[in-house]
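Remarks on the overall topology
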Amino acid sequence: MKTSNGSDPRFAGRVVIVSPHLDDAVMSLGATIAKAVQSGTRIEVLTVFAYKPASSEPAGPWDTSCGYQTEGQAADSRRAEDRQACLALGAEPHWMSFGAEPYQRGASNDEIWSAVDSATRGADLVLLPGYPLEHPDHAELTQLLLTRGLSCGAIGLYAEQPYSFDHRSKPPGPAPVRALQAVADKPLVWTRVNASRAHRRTKLEAVRAYRSQLRHLGLGESGIGFFRLRYLLWHEAARGGEAVAWLS
Ligand SMILES: [Zn+2]
C-alpha cells in the first residue's frame with residue numbers, strides 16, 4: 001500500500017462511514033474518526049445490517065457463540081456497544097434495521113440502497129468497506145452501493161479490520177468484487193491516514209466497547225487476544241495509519 005502522511009481535506013464537513021455490521025467502521029477507521037472529529041468534522045457511523053430489534057429469530061452460530069439467544073437480543077446488546085464506541089470517538093451512530101447474514105434481510109436490495117442513499121444524501125464524503133471484502137455482507141453492500149451510486153460528494157473505500165491485518169503478509173489483491181473492477185479502471189491506490197498516539201489510544205478505548213465481539217475476533221482482553229489487538233494497532237500505526245482509497 002502506498003503511504004501518504006498529513007491531513008486529507010476530504011475529511012471535512014459531513015462524513016458518513018458505512019459499516020456493514022456493528023463494529024466494522026470503528027475497528028477500521030477509529031483513529032481517523034477521532035482525528036477528524038477533533039478538527040471539527042461531523043462523523044456519522046451508519047450501520048446497515050444492525051439487525052432487526054424486534055426479531056425473535058433464533059441467534060445464528062456467531063451470535064450464539066457470543067451468548068445471544070435471538071437476533072433481537074443481539075440487536076439490543078450490540079447497538080449499546082456501538083453507542084458506547086461512537087461516544088468515545090465523538091461520532092454519531094445510526095442504525096438500519098436490516099438483518100445481517102445469516103438472518104433474514106427483511107428488505108430488498110432496492111429498499112436497502114434507497115435507505116442508504118437517503119441517509120448519506122448531501123454528505124461531503126462517504127466511506128465504504130473496500131478490502132479484503134471477504135465477508136459476503138461487506139461485498140454485497142459495497143457492490144450494491146457502487147453499482148447504484150450515492151447522492152453525495154466524494155466516495156472512498158476503507159481497508160476492513162481485523163481482516164486487512166490478517167492479510168498483512170500478502171500484497172493487496174485484485175479488486176474482489178465486480179463493482180470495484182468497474183469503478184476502478186486502474187488499480188486502487190491505498191493511502192494511509194496518519195493519526196497521533198492520542199487518536200490511536202481513543203481508538204483502542206472505542207474498540208474495547210465491542211465486548212461481545214472481541215474474543216470471537218481473536219482480540220479479547222485476555223490471553224493471546226490482548227496482544228493481538230495491540231499488535232494490530234501497532235502494525236497499523238507502523239504502516240502509517242488506517243488505509244483508504246479514493247474513488248472520486
Ligand atoms: Zn462486518
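My aim in this report is to walk through the structure given alongside it, one point at a time.

Reading the values: the criteria
Residues numbered from 1 in each chain as written. Predicted model: local features only at pLDDT ≥ 70, side-chain atom pairs only at ≥ 80, totals over all residues. Heavy atoms only, no water. Helix = DSSP H or I, 4+ residues; strand = E, 2+ residues; numbered from the N terminus. Rg over C-alpha atoms; globule rule 2.2 N^0.38 Å. Buried < 20%, exposed > 50% of the residue type's maximum accessible area, 1.4 Å probe, protein only. Contact = heavy atoms within 4.5 Å. Areas by Shrake-Rupley, 256 points an atom, 1.4 Å probe, with all protein chains shown as cover. Lys, Arg positive; Asp, Glu negative; His and termini not counted. Charge placed at Lys NZ, Arg CZ, Asp CG, Glu CD. Donors = N, O, S within 2.8 Å, 3.2 Å for Na, K, Ca; no water. Tetrahedral: all angles 85-135°; square planar, octahedral: opposite > 155°, others 65-115°. 1 Å grid on protein atoms, 1.4 Å probe; cavity = no way out; pocket = protein on both sides within 12 Å on 5 of 7 lines; lining within 4 Å. Points joined across faces, edges and corners; volume = space filled by probe spheres on them. Nonpolar A, V, L, I, M, F, W, Y, C, P; charged D, E, K, R; others polar. Core = buried A, V, L, I, M, F, W, Y, C linked by side-chain atoms within 4.5 Å.

1. Comments concerning the overall build of the chain
On a plain count of helices and strands, the chain comes out with ten helices and seven strands. A compact globule built from 248 residues should have a C-alpha radius of gyration of about 18 Å, and the chain, at 17 Å, falls within 12% of that. With the C-alpha coordinates of the chain rotated into their principal frame, the extents come out at 45 × 45 × 35 Å. Of all 248 residues assigned to the chain, the portion counted as buried reaches 53%. Partitioning the contacts of the chain with sequence separation of at least 6, the portion at a separation of at least 24 is 81%. Here the chain displays about 10900 Å² of accessible surface, and carbon together with sulfur accounts for 53% of that area. If the 27 positive side-chain charges of the chain are averaged to one point and the 26 negative ones to another, these points end up 7 Å apart.

2. Topic: the coordination of the zinc ion
Every protein donor of the zinc ion is listed here as His21 (ND1), Asp24 (OD), Asp24 (OD) and His138 (NE2), and their distances to the metal cover 2.1 to 2.6 Å. Its four donor atoms give the zinc ion angles of 54 to 147° at the centre, a pattern that matches the irregular case. Taken in sequence order, the residues that donate to the zinc ion follow the motif H-x2-D-x113-H. Of this pair, His21 sits in the loop between strand S1 (14-19) and helix H1 (24-38) while His138 sits in helix H5 (residues 136-148), and the two are 117 residues apart along the sequence. Of the residues examined, His138 reaches a relative accessible area of 0% and is grouped as buried.

3. Quick word on empty space enclosed by the protein
All told, the structure shown has one cavity of 30 Å³ or more when counted by the stated rule. Going through the elements one at a time, helix H4 (109-120) and H5 are the ones with two or more residues in the lining of the largest cavity. Top contributing element to the lining of the largest cavity by residue count: H5, with three residues. Here the lining of the largest cavity is composed, by residue class, of four nonpolar, one polar and two charged.

4. Observations regarding the layout of surface pockets
Of the pockets and cavities examined, the largest pocket occupies roughly 310 Å³. As for the largest pocket, its lining consists of 19 residues, and the residues nearest its centre are His21, Trp62, Arg78, His135 and Gln213. Put simply, the parts of the chain that give the lining of the largest pocket at least two residues each are helix H2 (61-65) and H5. Here the element with the most residues in the lining of the largest pocket is H2; it accounts for three residues. Here the lining of the largest pocket is composed, by residue class, of eight nonpolar, five polar and six charged.

5. Here's the deal with the nonpolar core
Core analysis: the largest hydrophobic core is formed by 38 residues, its most contacted members being Val18, Val48, Ile112, Val116, Val126, Leu128 and Leu150. Put simply, the parts of the chain that give this core at least two residues each are S1, helix H3 (71-89), H4, strand S4 (125-131), H5, strand S5 (154-159) and strand S7 (242-246). Considering each element in turn, this core owes the most residues, five residues, to H5. Discounting chain neighbours no more than four positions away, the residues touching Val126 are Val16, Val18, Thr120, Leu150, Cys152, Ala154, Ile155 and Gly156. Of all hydrophobic cores here, the second largest spans 35 residues; its members include Ala25, Ala85, Leu217 and Leu229.

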